[in-house]
Amino acid sequence: MKLVFLGPPGAGKGTQAKLLASDAGLLHLSTGDMLRSAIQRGTETGLSARSFMEKGQLVPDRVVDALVKERLTMDDAQAGYILDGYPRNLAQVEVLSKAAEIDAALFLDVEDEILVQRILGRGEGRKDDTEEVVRDRLTVYREQTEPLVGYYRMRGLLHEIDGDRSIDDVSSAVRAAVGGLIR
Ligand code: ADP
């Protein structure tokens, strides 16, 4: 089973992807986590990604595409995975469509003002969690990532879920949407 989570920053993709992954025994692959780990380890990927992430911009496709393609070929990814944070623009969709056949896309939507409050309030202390950078991440999302919703809808793969509810309520809606696919 290969799933994709779509939605703006702060919508709860990471939380829901983790819950569903442990429930369904699937791998959770977050490109944000992979990139932050690369920065911490000081790898070449981390060095290329850092300045973009700190500004709330997308890391260049060639960097992220290479990271994801390599990860998807590993043994533990063969049984399936949940992608969180990838694809994030139409060029990445194109790359992914050549590497894998996606079974469903879960779209968590929440409105901008609520997202800003959530991110600024969650206090993870991430460097890209200042109000200015959060607003830039939202702009990037609306311009580059939101069009992917239409792409997956056209292919009949989209499940739209209201993300402005409790973690439990959203999680139930996620299970209702794809539960039939995972067991
Ligand atoms: P959020 O969803 O809260 O923005 P993420 O952890 O998913 O947080 O992403 C953090 C940052 O990592 C993004 O702002 C971007 O710079 C970079 N990033 C993550 N995934 C991608 C991707 N698929 N393509 C380009 N940049 C990415």
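No experiment lies behind these values; they were computed from the predicted model shown. (Residues numbered from 1 in each chain as written. Predicted model: local features only at pLDDT ≥ 70, side-chain atom pairs only at ≥ 80, totals over all residues. Heavy atoms only, no water.)

### Describing the site of the ligand
Next, step 1: Contacts to the ligand come from 19 residues, most closely from Thr31, Gln57, Gly85, Gln92 and Arg137.
Next, step 2: A distance of 2.8 Å is found between a nitrogen atom of the ligand and a side-chain nitrogen or oxygen belonging to Thr31.
Next, step 3: Val59 places a polar main-chain atom, nitrogen or oxygen, 3.0 Å from a nitrogen atom of the ligand.
Next, step 4: Alone, the ligand offers 550 Å² of accessible surface; in the complex the protein occludes 96% of this.
Next, step 5: Top contributing element to the shell around the ligand by residue count: helix H2 (residues 31-41), with 4 residues.
Next, step 6: A per-class count over the shell around the ligand returns 7 nonpolar, 5 polar and 7 charged. (Near = heavy atom within 4 Å. Polar contact = N/O pair within 3.5 Å; in protein donor to acceptor, adjacent residues only side chain to side chain. Areas by Shrake-Rupley, 256 points an atom, 1.4 Å probe, with all protein chains shown as cover. Helix = DSSP H or I, 4+ residues; strand = E, 2+ residues; numbered from the N terminus. Nonpolar A, V, L, I, M, F, W, Y, C, P; charged D, E, K, R; others polar.)

### Digging into the nonpolar core
Next, step 1: In terms of nonpolar packing, the biggest core is built from 30 residues, with Val4, Leu6, Leu96 and Tyr152 touching the most fellow members.
Next, step 2: Those elements giving two or more residues to this core turn out to be strand S1 (2-6), H2, helix H3 (44-55), helix H4 (61-72), strand S3 (81-84), helix H5 (90-99), strand S4 (104-109) and helix H8 (147-154).
Next, step 3: Counting residues per element, this core draws most heavily on H4, at 5 residues.
Next, step 4: For Val4, the residues in contact, after removing those within four places along its chain, are Leu83, Tyr86, Pro87, Leu96, Ile102, Ala104, Ala105, Leu106 and Tyr152.
Next, step 5: Counting 23 residues, the second-largest nonpolar core is a separate cluster that includes Ala11, Ala21, Val110 and Val116. (Core = buried A, V, L, I, M, F, W, Y, C linked by side-chain atoms within 4.5 Å. Buried < 20%, exposed > 50% of the residue type's maximum accessible area, 1.4 Å probe, protein only. Contact = heavy atoms within 4.5 Å.)

### Some words on H5
Next, step 1: Within H5, the full set of buried residues consists of Gln92, Val93 and Leu96. Angular distribution of buried residues about the axis of H5 spans 105°; they occupy a single face of the element.
Next, step 2: Against the buried residues of H5 lie S1, H4, S3 and H8.
Next, step 3: Backbone nitrogen of Ala91 and a side-chain oxygen of the N-cap are separated by 3.2 Å at the start of H5; the cap is Asn89. (Arc of directions from axis to C-beta.)

### Topic: the environment of Gln144
Next, step 1: Tracing the backbone through its elements, the reader meets Gln144 in helix H7 (residues 131-145).
Next, step 2: By relative accessible area, Gln144 is classed as partly exposed at 32%.
Next, step 3: Between the C-alpha atoms of Gln144 and Arg50, which are 94 residues apart in sequence, the distance is 20 Å.
Next, step 4: Contacts of Gln144, omitting those with residues within four sequence positions, involve Leu58, Arg88, Asn89 and Leu90.

### Notes on the sheet that holds S4
Next, step 1: The parallel open sheet is built from 5 strands, whose spatial order is S2-S3-S1-S4-S5. With one partner strand each, in any of the chains shown, strand S2 (27-30) and strand S5 (158-162) form the two edges of the open sheet. Each strand axis lies, on average, 20° off the axis of its neighbour in the sheet, ignoring direction.
Next, step 2: Taken together, the 4 bridges between S1 and S4 define a ladder with parallel strand orientation. Each bridged residue has a counterpart across the sheet, and for Val4 the counterpart in S4 is Ala105. (Pairing = 2+ DSSP bridges. Axes fitted to C-alpha atoms, helices over the stretch in contact; angles between N-to-C directions.)

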